[in-house]
Amino acid sequence: KNQVEQSPQSLIILEGKNCTLQCNYTVSPFSNLRWYKQDTGRGPVSLTIMTFSENTKSNGRYTATLDADTKQSSLHITASQLSDSASYICVVREFSGGYNKLIFGAGTRLAVHP
Amino acid sequence: GAVVSQHPSRVICKSGTSVKIECRSLDFQATTMFWYRQFPKQSLMLMATSNEGSKATYEQGVEKDKFLINHASLTLSTLTVTSAHPEDSSFYICSATEPHPHLAGGGQETQYFGPGTRLLVL
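Residues numbered from 1 in each chain as written. Chains lettered and ligands numbered in written order. Predicted model: local features only at pLDDT ≥ 70, side-chain atom pairs only at ≥ 80, totals over all residues. Heavy atoms only, no water.

Visitor: Let's hear about the packing of aromatic side chains: which residues, and what values?
Guide: Here the structure, examined in full by the defined rule, presents 8 aromatic pairs over all chains. Their ring planes at 45 degrees and their centres at 6.1 Å tell us that Y62 of chain A and Y88 of chain A sit as a pair that is tilted. One end of the pair, Y62 of chain A, is in strand β7 (residues 62-67); the other, Y88 of chain A, is in strand β9 (residues 86-96), and 26 residues separate them in sequence. On the accessibility criterion, Y62 of chain A (9% relative accessible area) is buried. Of the residues examined, Y88 of chain A reaches a relative accessible area of 0% and is grouped as buried. Centre to centre, the rings of F67 of chain B and Y92 of chain B are 6.4 Å apart; their planes meet at 40 degrees, and the pair counts as tilted. Separated by 25 residues along the polypeptide, F67 of chain B in strand β7 (residues 67-73) and Y92 of chain B in strand β9 (residues 90-97) bring together distant segments of the chain. Grouping residues by exposure puts F67 of chain B and Y92 of chain B together as buried. Pairwise contacts between aromatic rings join Y36 and F104 of chain A together with Y36 and F113 of chain B into one cluster. Taking the ring centre of Y62 of chain A as reference, the NZ or CZ of R61 of chain A above it sits at 5.7 Å. (Phe/Tyr/Trp six-rings, centres within 6.5 Å; stacked < 30°, edge-to-face > 60°. Helix = DSSP H or I, 4+ residues; strand = E, 2+ residues; numbered from the N terminus. Buried < 20%, exposed > 50% of the residue type's maximum accessible area, 1.4 Å probe, protein only. Lys NZ or Arg CZ within 6 Å of the ring centre and 35° of its normal.)

Visitor: Got a sec to walk through the environment of S90 of chain B? Specific residues and values, please.
Guide: All names here are of chain B. In this structure, S90 sits in strand β9. Assessed through its relative accessible area of 4%, S90 is described here as buried. When the C-alpha atoms of S90 and T117 are compared, they prove to be 8.3 Å apart, with 27 residues separating the residues in sequence. Excluding residues within four positions of it along the chain, S90 makes contact with R37, Q38, F39, T117, R118 and L119. (Contact = heavy atoms within 4.5 Å.)

Visitor: Which residues make up the environment of S83 of chain B, and what values go with them?
Guide: Residues and elements named next belong to chain B. When you line up the elements, S83 lands in the loop between β8 (76-81) and β9. The class for S83 is partly exposed, based on a relative accessible area of 35%. Placed 60 residues apart in sequence, S83 and C23 show a C-alpha to C-alpha distance of 20 Å. Aside from chain neighbours lying at most four places away, what touches S83 is G16, T17, S18, K66 and D88.

Visitor: Just give me the short version of a nonpolar patch on the surface, but keep the residues and values in it.
Guide: Residues and elements named next belong to chain B. A cluster of nonpolar side chains, namely I12, L120 and L122, defines an oily patch on the protein surface of about 320 Å² accessible area. Residue position: L122 is located in the segment after β11 (117-121). Given a relative accessible area of 60%, L122 falls into the exposed group. (Patch = residues over 30% accessible without salt bridge, like charges linked within 9 Å, V, L, I, M, F, W, Y side chains within 5 Å. Areas by Shrake-Rupley, 256 points an atom, 1.4 Å probe, with all protein chains shown as cover. Salt bridge = Lys/Arg side-chain N within 4 Å of Asp/Glu carboxyl O.)

What follows is the structure in structure tokens.
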């Protein structure tokens, strides 16, 4: 079972609308959680990174939240643009002493239509 | 921000041939680079961790003799897919961690990904 589950798998919204993507994880112990944006055929680009002590972090129109108690995170996109069409990947860093491993979610594929 | 490049961006080769993919950190030195493989509509899967000056650490199930990794310098790591077969066709992505100026191995470093290399084996 994947330790990082994302929902929905895919999402279609109209330009200008808001949306929220979900990420649930079971990774423990946990170091930090990151959200990446991956355009088709490109490498992922970091949007936000949060440690367990942070509840929210913003990057322009992207706002990530984290509840370390319930092991849930969300990524809220405000006033969506056509260029927001991409896969959004939740990545949790597993902390295990000197070896930190990234656990990737399968991603949510977002399509923004005009 | 830090930039990681990959070359080539896409390659088509015949079954049985070897293919080399380069990963470079352009404006920082990366003692550690990572190689991932991504199949369509799936998440990135870590293949190996490449350490400058030492042998790579491979994930379970990844054949070290098939996927040769060389981290010759602090800015260059190469992945060679030997005797490629159609099932090796995938999107290969490298990443590098920019060292934190004050913390060593604190886990807060940003991991920068390359643009990926699309490999198609015929």
